[in-house]
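What follows is the residue order along each chain.
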Amino acid sequence: MTSKKVKAVAGAESDEVDGSDVADHRNAKDAAAEDREMKRARKEGLVFPFTGKPEGTTTIEVASGVIWARIPLPWSLDHINVYLFDEGDGWTVVDTGANGNRGREAWEALEREFLGGKPIHRVIATHMHPDHLGLAGWLVERFGAEFTTTQTEYLLASSLWLGGTPTMPEHEVDFLFKHGVDRSFEPMVRAARFDNYKRGVHELPHTYTRIEDGSLVELGGRQWRVVVGRGHSPEHACLACLDEPLFIAGDQILPSITSNVSVHAREPMANPLAHWLTSLARMKAVPGDPMVLPSHGRVFVGLQARLDALIGGHIEKLASLHEWCSEARTPVETFPALFRRKVSGMDFYLALGESIAHLHLLESIGLMNRTSKDDVYSFQAKGTLNQENLLTQVSSLPGVEMRALSDVY
């Protein structure tokens, strides 16, 4: 592992700052890569109803009074989609972009050139990653707005923000080495900072309005039902419109990339991929064929096809990982089975968390055995993986199953 890689690995919590497609390690600034992604998405059956995308202060009205805008990000995934709802005397916004000059300047430009002198009354964050709520506190202060999110996302954001430190905590150091990072890089790991999250997030609003699975929210004169997803973050809020076919997906369902699903040092035995797959399977019960408003990429139609592709892609990776671990492997040694491209730079830490998540899922359903030698974990496959019933096995795990979506609607 090169020094560059170690510096990236040492920047713990970096997936909550970057938000990039760590499953396949693509560069969203590469026009050729974006073109390949679009071709693949269309092959899956997705339809993109708008030929363009918002640039600068230009916006696209995806439905009456529902506005799609973009806020730039300073990372490989260089934008976040935000959605503005005309409430008559003001605006509601869903997601904000990350804290920093670039994001603040983009909002100031929208205020001058688009908001029409009307204030932002409410800020909704789908989840706690910096590109989604990084400027929530700033917007709330600027406009005296209400802040709305789920409880778990608010509390975890608060914990990470308050816990940012200039030195690397011991449990973060141990986590990396236990999962196969070479101990010769310990001086670099210990020299890294542990405040990336805090730097990406303005001080959070001191109060918030809680939404939860099944909550009813009015946006732009329409009724929307909160549909919670898990795995990428613990209580991610999607919003399903009850009055016309619209679905705000956040990072839960993206059109051409896959959101990071990682195990973190703060919960080293977590099984987030089980929650992720179960959440996606549950969302197949969303009625109709709504226009999906994602946080990254383009607005699209083809929810069911995309859910199938996301679920199927992870099942294929789990099968590949199970085969690769016919001999014992550390999590770092599993990268060739999971990632198509060489893992480098910032992506190393993200890939490690994602690899651990896949290993933990297989372990939880009895298809992987963990051993520890010299305080380093190795995993070896056992049993036979049946792709046909894997999702059923995962959904039956304790604490993973969620109530039927029909109970929410």
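Everything discussed here concerns the structure shown above.
Per chain, the residues get numbers from 1 upward, laid out in the order the sequence is written. With the structure being a predicted model, the display of local features is reserved for residues of pLDDT at least 70 and the display and counting of side-chain atom pairs for 80 or more, all residues being used for whole-chain, interface and lining totals. With hydrogens and water stripped out, all remaining heavy atoms of the structure feed into the side-chain values.

S.K.: Would you take a moment to explain the nonpolar core for this structure?
M.R.: The tendency in soluble globular proteins is for nonpolar side chains to be buried as a group. As used here, the term nonpolar core means buried Ala, Val, Leu, Ile, Met, Phe, Trp, Tyr and Cys residues forming a set that is joined through side-chain atoms within 4.5 Å. Here's how the labels work: a residue is buried when its accessible area is under 20% of the maximum for its type, exposed when over 50%, partly exposed in between, all with a 1.4 Å probe on protein chains only. Of all hydrophobic cores here, the largest spans 68 residues; its most connected members are Ile 253 and Leu 361. Secondary structure elements are defined from DSSP: runs of H or I of at least 4 residues count as helices, runs of E of at least 2 residues count as strands, and each element is numbered from the N terminus. Looking at this core element by element, the count peaks at 10 residues for helix α14 (residues 347-364). Beyond its immediate stretch of four places on either side in the chain, Ile 253 contacts Phe 247, Leu 280, Met 283, Val 292, Pro 294, Phe 300, Leu 303, Arg 306, Leu 307 and Leu 310. Ranked by size, the runner-up nonpolar core spans 36 residues in total, among them Ile 71, Leu 84, Phe 143 and Leu 160. Pairs of residues are marked as contacts when any of their non-hydrogen atoms sit within 4.5 Å.

S.K.: Any chance you could explain helix α3 (residues 31-44) here in plain terms?
M.R.: Residues three or four positions apart in an α-helix share a direction because the helix packs 3.6 residues into each turn. Helix span, as expected, comes to 1.5 Å for every residue beyond the first. Helix length check: α3 (14 residues) gives 20 Å between terminal C-alpha atoms against 20 Å at 1.5 Å per residue, within 8%. Residue Gly 45 follows α3 closely and has a positive phi angle near 105°.

S.K.: I tried to follow the sheet that holds strand β1 (residues 60-63) on my own but got confused; where do I start?
M.R.: To summarise the sheet geometry, strands pair through backbone hydrogen bonds and adopt either a parallel or an antiparallel arrangement. Read across the sheet, 7 strands follow the order β1-β2-β3-β4-β5-β6-β7 without closing on themselves; strand pairing throughout is mixed. Single-partner strands in this sheet number two, and they are β1 and β7 (209-210). Relative to strand β2 (residues 66-72), helix α4 (residues 101-113) is tilted by about 145°, and along the sheet it contacts β2, β3 (79-86), β4 (91-94) and β5 (120-124). Lines fitted to C-alpha atoms define the axes, with helix axes restricted to the stretch in contact, and inter-axis angles between N-to-C directions lie between 0 and 180 degrees. Strand contacts of helix α6 (residues 136-143): β4, β5 and β6 (146-149), with the helix running at about 165° to β5, the strand carrying the most contacts. In short, DSSP must find at least two bridges between two strands for them to pair.

S.K.: How do you make sense of the packing of aromatic side chains when you look at a structure like this?
M.R.: Aromatic rings from Phe, Tyr and Trp, with only the six-membered ring used for Trp, were paired whenever their centres fell within 6.5 Å, and each pair was classed as stacked if the ring planes differed by under 30 degrees, edge-to-face if by over 60, and tilted otherwise. Applying the stated criterion across every chain, the model contains 7 aromatic pairs. Note on Trp 91 and Phe 114: the rings are 5.3 Å apart at their centroids and 40° apart in plane angle, and the pair reads as tilted. Taken together, the residues Trp 91 in strand β4 and Phe 114 in the loop between α4 and β5 connect sequence positions 23 residues apart. Residue Trp 91 is classed as buried on the basis of its relative accessible area, which comes to 5%. By way of ring pairs, the aromatic residues Phe 147, Tyr 154 and Tyr 208 are connected into one cluster. Lysine NZ or arginine CZ positioned within 6 Å of the ring centre and within 35 degrees of the ring normal marks a charge as sitting over the ring. Between the NZ or CZ atom of Lys 118 and the centre of the ring of Trp 91, over which it lies, the distance is 4.9 Å.

S.K.: Hey, could you run me through the packing of helix α12 (residues 303-324) against α14 in this one?
M.R.: A pair of packed helices is characterised by two quantities: the angle between their axes and the separation of those axes. Close contact between α12 and α14 brings their axes to 10 Å; oriented N to C, the two are set at 80°. Considering their axes alone, α12 and α14 lie roughly perpendicular with respect to each other. Only Glu 354, His 358, Leu 359, Leu 361 and Leu 362 of α14 make contact with α12, whose side of the interface consists of His 314, Lys 317, Leu 318, Leu 321 and His 322. Residues were grouped as follows: Ala, Val, Leu, Ile, Met, Phe, Trp, Tyr, Cys and Pro as nonpolar; Asp, Glu, Lys and Arg as charged; and all remaining residues, including Gly, as polar. Of the residues assigned to the contact of α12 with α14, the class counts are 5 nonpolar, 3 polar and 2 charged. An angle below 35 degrees is treated as roughly parallel, one above 145 as roughly antiparallel, one from 65 to 115 as roughly perpendicular, and anything else as oblique.

S.K.: Could you clarify how one ought to interpret the packing of α4 against α6 in this entry?
M.R.: Running from N to C, α4 and α6 cross one another at 35°; their axes reach a closest spacing of 11 Å. Crossing of α4 over α6 shows right-handed handedness. Contacts between α4 and α6 involve Arg 104, Trp 107, Glu 108 and Glu 111 on the former and, on the latter, Trp 138, Leu 139, Arg 142 and Phe 143. Of the residues contributing to the contact of α4 with α6, the split by class is 4 nonpolar, no polar and 4 charged. What makes a crossing left-handed is the near helix being turned counterclockwise from the far one by less than a right angle; a clockwise turn instead makes it right-handed.

S.K.: Got a minute to help me understand a nonpolar patch on the surface in this structure?
M.R.: A patch consists of residues exposed above 30% relative accessible area that lack any salt bridge, with like charges linked at up to 9 Å and nonpolar side chains (Val, Leu, Ile, Met, Phe, Trp, Tyr) linked at up to 5 Å. All accessibility values rest on the Shrake-Rupley procedure with a 1.4 Å probe; residue burial counts only the protein chains present in the view. Note on definitions: salt bridges are taken to be side-chain nitrogens of Lys or Arg within 4 Å of carboxyl oxygens of Asp or Glu. A cluster of nonpolar side chains, contributed by Leu 216, Leu 242 and Tyr 409, occupies part of the molecular surface with about 260 Å² of accessible area. With respect to the helices and strands, the residue Tyr 409 is situated in the segment after α16 (405-408). By relative accessible area, Tyr 409 is classed as partly exposed at 32%.

S.K.: Even after reading the chapter, I still don't get helix α11 (residues 272-283), so can you show me in this structure?
M.R.: Its 12 residues place the ends of α11 17 Å apart at the C-alpha level, agreeing with the 16 Å of an ideal helix rising 1.5 Å per residue. In terms of burial, α11 is a largely internal element, 10 of the 12 residues being buried. Regarding α11, the residues found buried are Pro 272, Leu 273, Ala 274, Trp 276, Leu 277, Thr 278, Ser 279, Leu 280, Arg 282 and Met 283.

S.K.: So what exactly am I meant to see when it comes to the sheet that holds strand β8 (residues 216-219) here?
M.R.: Pairing is mixed across the open sheet formed by 6 strands, whose spatial order is β8-β9-β10-β11-β12-β13. Looking at which strands have only one partner, the edges of the open sheet turn out to be β8 and β13 (300-301). Across 2 bridges, the pairing between strand β10 (residues 236-241) and strand β11 (residues 246-250) is antiparallel. The residue bridging Leu 239 from the neighbouring strand is Ile 248, located in β11.

S.K.: Is there a simple way to think about the environment of Gln 393 in this case?
M.R.: Structurally, Gln 393 can be placed in helix α15 (residues 390-395). Of the residues examined, Gln 393 reaches a relative accessible area of 27% and is grouped as partly exposed. For Gln 393 and Val 227, which are 166 residues apart along the polypeptide, the C-alpha to C-alpha distance reads 23 Å.

S.K.: What's the story with the pairing of β3 in this structure? I'm lost.
M.R.: For a regular strand, side chains alternate in direction, first toward one face of the sheet and then toward the other. With 7 of 8 residues buried, β3 lies mostly within the body of the structure. Pairing geometry for β2 and β3, over 7 bridges, is antiparallel. The residue bridging Val 66 from the neighbouring strand is Phe 85, located in β3. What sits between β2 and β3 in their antiparallel hairpin is a turn of 6 residues. Here 4 bridges tie β3 to β4, and the two strands are oriented antiparallel to one another. Along β4, the bridge assignment pairs Leu 84 with Val 93.

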